[in-house]
Amino acid sequence: MEALFSRLSNDFVLICVYLVLALSLNLINGYAGLFSLGHAGFWAVGAYCGSAFIIYSHQAGPGIPGALLFCGGITAAMGGAALVGLIVGLPSLRLQGDYLAIASLGFSLIVVNILNNLAVVGGASSFPFGGLVWPDGALYDLKARVAHNLTHIVLGVLAVGTCTLVIRNIRHSSHGRAILSLREDEVASAMCGVNVVKYKLLVFVLGAAFAGLAGVLYATYTTRIAPEAFNFMESVKILLMVVLGGLGSLSGTFIAVIVLYEVPELLRMSHVTIAGSPVADWWVMLYALVLVMLMILRPQGLLGSKELFECAGIRRLFGMAGRGGREA
Amino acid sequence: MTLRLENIEAGYGGIAALRGVSIEVRAGEIVAILGANGAGKSTTLKVISGLVRPSGGAVYLEDRRIDRLRPYETARLGLVHCPEGRRLFANMTVLENLEMGAYQRGDKAGVKRDIEKMTGLFDVLGSRRAQLAGTLSGGEQQMLALARALMARPKVLLLDEPSLGLAPMLIEQIFATIAQIRREGVTILLVEQNAHMALEVADRGYVLETGHVAVTGDADELRNHPAVIEAYLGGA
């Protein structure tokens, strides 16, 4: 019973973390068409800024309540990631397509490298919270662990909800239309009076800030972070979630994140033997095969750029009428 | 509004495209720029709207110097460039394309009225509001590009080859629309390969040759100018 709760809450919180990451990358990549391969870099910046704030404030004033520390941690994480996003974005958003991808990839490698050599946050080994968890208490205590997990489930839901609402509201404003037009044709956007650089920077910084939020949530949940957790493959994983769900589709992102997180988790437990010898990580092959098949059958992603309730089949299912969704 | 180019020089990576081009478009006029491929017609428009920064000379809109402004800033001054190749937002609907045209306008009611007006002016667009712009035919796309430019309520309109690749009947319709836009007080600078049609609607014209103004004059004058007849009107 306890193991099941622990397993379920673990999956739930980590899915929330990936949801915030994938939704914010969808804003950058799906809406604005900026091909970023460095999202894990902002995730790392948020995780480390938030952790450093919480851990060092706690050391400076052990009496500060956990909730206050956590709020400060969120601010530090989002602010830090946004600032780094601005610094990275200013020069690199002049680049387009593949070039931006390479620049952002380079950025995320630099982040991991710096963290590996930054003794003040633990260097290449982990940066642990020690006994510090929120709500107060130690993790080896069962009651404290349950409270810790429940708190993070609530925080996860809040983070995903905020992220979804903010992106949705942007999408349905005139700003959203301007952002979408960037993906289509930058020159034409400028001709319509859109300040292209400003909007690209805005989208990039906002996406980075949300990645930072995912970072602090991840850090306070696991209470132990290491640079290796934010490597390049994580950026690819987040990008896969976005592409698979459909560039520009928020509900598609939800489905893709849950599937791409849970399927490996479930398959990891199973064992396959070929010619008498066990094959390690056999599921990676299946995973790759599923991805290849999906890109052949649905190159636009599961939902394309539509939302779930815009799809004809779902509309019929719920007996909804009115204007149909855009064709992907 | 009056648009004035003084001795504009511009190029691409060291290759000169314009060598001292001076052009004036007075308020309410239609002025045509004619010339062969590579003469610098499109570059001239790009310099005016800020897509290409000139290496010499100056551009004035009324008395304001605008050659250091960026494209979105010139657009906000009412100088709207309808670029070569339509450049629609292909994966956005016809309606969204029109709304993007009005991006810089604050008057919601006026925008709504103008959308009705555009779908009346170009009736093919009315029935296709919810269709993606990329799925329209070439002629419809050209209409939409023009309509999107008009949605900005331009004071000066820069048109780059609006007749390119269109059937003769559609070309007639486009030029009829251009004449109508002018009657509403919009100043128009028109780049065209189709010298016949361009000189029919234009008041005056400039003929560009390898980056400089070779001939200039009233449309009637140009129509009867031996060099223009030989090069662009195909003998007479």
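Above this text sits the structure in question.
Residues numbered from 1 in each chain as written. Chains lettered and ligands numbered in written order. Predicted model: local features only at pLDDT ≥ 70, side-chain atom pairs only at ≥ 80, totals over all residues. Heavy atoms only, no water.

## Looking at the overall build of chain A
A tally of helices and strands in chain A yields 12 helices and 4 strands. Taken against the 2.2 N^0.38 rule, which gives 20 Å for 328 residues, the C-alpha radius of gyration of chain A at 21 Å falls within 12% of a compact globule. Expressed as lengths along the three principal axes of its C-alpha atoms, the size of chain A is roughly 55 × 55 × 40 Å. Residue pairs in contact within chain A that sit at least 24 positions apart in sequence constitute 75% of those at least 6 positions apart. For chain A, the exposed surface amounts to about 14900 Å²; the carbon and sulfur share of it is 71%. Across chain A, the 19 positively charged side chains and the 16 negatively charged ones have centroids separated by 9 Å. (Helix = DSSP H or I, 4+ residues; strand = E, 2+ residues; numbered from the N terminus. Rg over C-alpha atoms; globule rule 2.2 N^0.38 Å. Contact = heavy atoms within 4.5 Å. Areas by Shrake-Rupley, 256 points an atom, 1.4 Å probe, with all protein chains shown as cover. Lys, Arg positive; Asp, Glu negative; His and termini not counted. Charge placed at Lys NZ, Arg CZ, Asp CG, Glu CD.)

## Examining the pairing of strand 10 (residues 212-218) of chain B
All names here are of chain B. Where strand 9 (residues 204-209) and strand 10 come together, 6 bridges link them in antiparallel fashion. Within strand 10, the residue paired with glycine 205 across the bridge is glycine 217. Once strand 9 ends, the chain turns through 2 residues before running back antiparallel as strand 10, passing threonine 210 with a positive phi of about 35 degrees. (Pairing = 2+ DSSP bridges.)

## A look at the interface of chain A and chain B
Taken together, the contacts link 21 residues of chain A with 24 residues of chain B. Both sides of the chain A and chain B interface together cover about 2000 Å² of buried area, and 62% of this is carbon and sulfur. Of all residues in chain A, the largest losses of buried area upon contact with chain B belong to Arg177, Met191 and Cys192 of chain A, amounting jointly to 32% of the total for that side. Where chain A touches chain B, the interface holds 3 salt bridges. Ionic pairing is found between arginine 87 of chain B and aspartate 185 of chain A, a salt bridge with its closest N-O pair at 2.9 Å. Sorting elements by how many residues they give to the side of chain A that touches chain B places helix 6 (residues 174-184) of chain A first, with 6 residues. Looking at side-chain class alone, the side of chain A that touches chain B contains 10 nonpolar, 5 polar and 6 charged residues. (Buried area = accessible area lost by both parts, 1.4 Å probe. Salt bridge = Lys/Arg side-chain N within 4 Å of Asp/Glu carboxyl O. Nonpolar A, V, L, I, M, F, W, Y, C, P; charged D, E, K, R; others polar.)

## What to know about empty space enclosed by the protein
The final tally for this structure, using the stated rule, is 3 cavities of 30 Å³ or more. As a volume, the second largest cavity reaches approximately 80 Å³. In terms of lining residues, the second largest cavity is bounded by Ala188, Met191 and Cys192 of chain A together with Val80, His81, Cys82, Pro83, Gly101, Ala145, Arg148, Ala149 and Ala152 of chain B. Of all the secondary structure elements, the ones that give two or more residues to the lining of the second largest cavity are helix 7 (186-191) of chain A together with strand 6 (79-82) and helix 6 (138-150) of chain B. (1 Å grid on protein atoms, 1.4 Å probe; cavity = no way out; pocket = protein on both sides within 12 Å on 5 of 7 lines; lining within 4 Å. Points joined across faces, edges and corners; volume = space filled by probe spheres on them.)

## Some remarks on helix 7 (residues 168-183) of chain B
Residue and element names in this part refer to chain B. With 16 residues, helix 7 extends 23 Å between its outermost C-alpha atoms, agreeing within 8% with the 22 Å of an ideal straight helix rising 1.5 Å per residue. Of the positions making up helix 7, those classed as buried are Ile171, Ile174, Phe175, Thr177, Ile178 and Ile181. Summarising the axial view, the buried residues of helix 7 lie within an arc of 155 degrees, below the 170-degree limit, and thus occupy one face. Seen from the open side of helix 7, the exposed residues pointing more than 90 degrees away from its buried face are Pro168, Met169, Glu172 and Arg183. The elements touched by buried residues of helix 7 are strand 3 (30-35), helix 4 (108-121), helix 6, strand 7 (156-160), strand 8 (187-191) and helix 8 (195-201). Glycine 185 occupies a position one or two residues after helix 7 and carries a positive phi of about 95 degrees. (Expected span 1.5 Å × (residues − 1). Buried < 20%, exposed > 50% of the residue type's maximum accessible area, 1.4 Å probe, protein only. Arc of directions from axis to C-beta.)

By themselves, these are just geometric observations and shouldn't be taken as functional.
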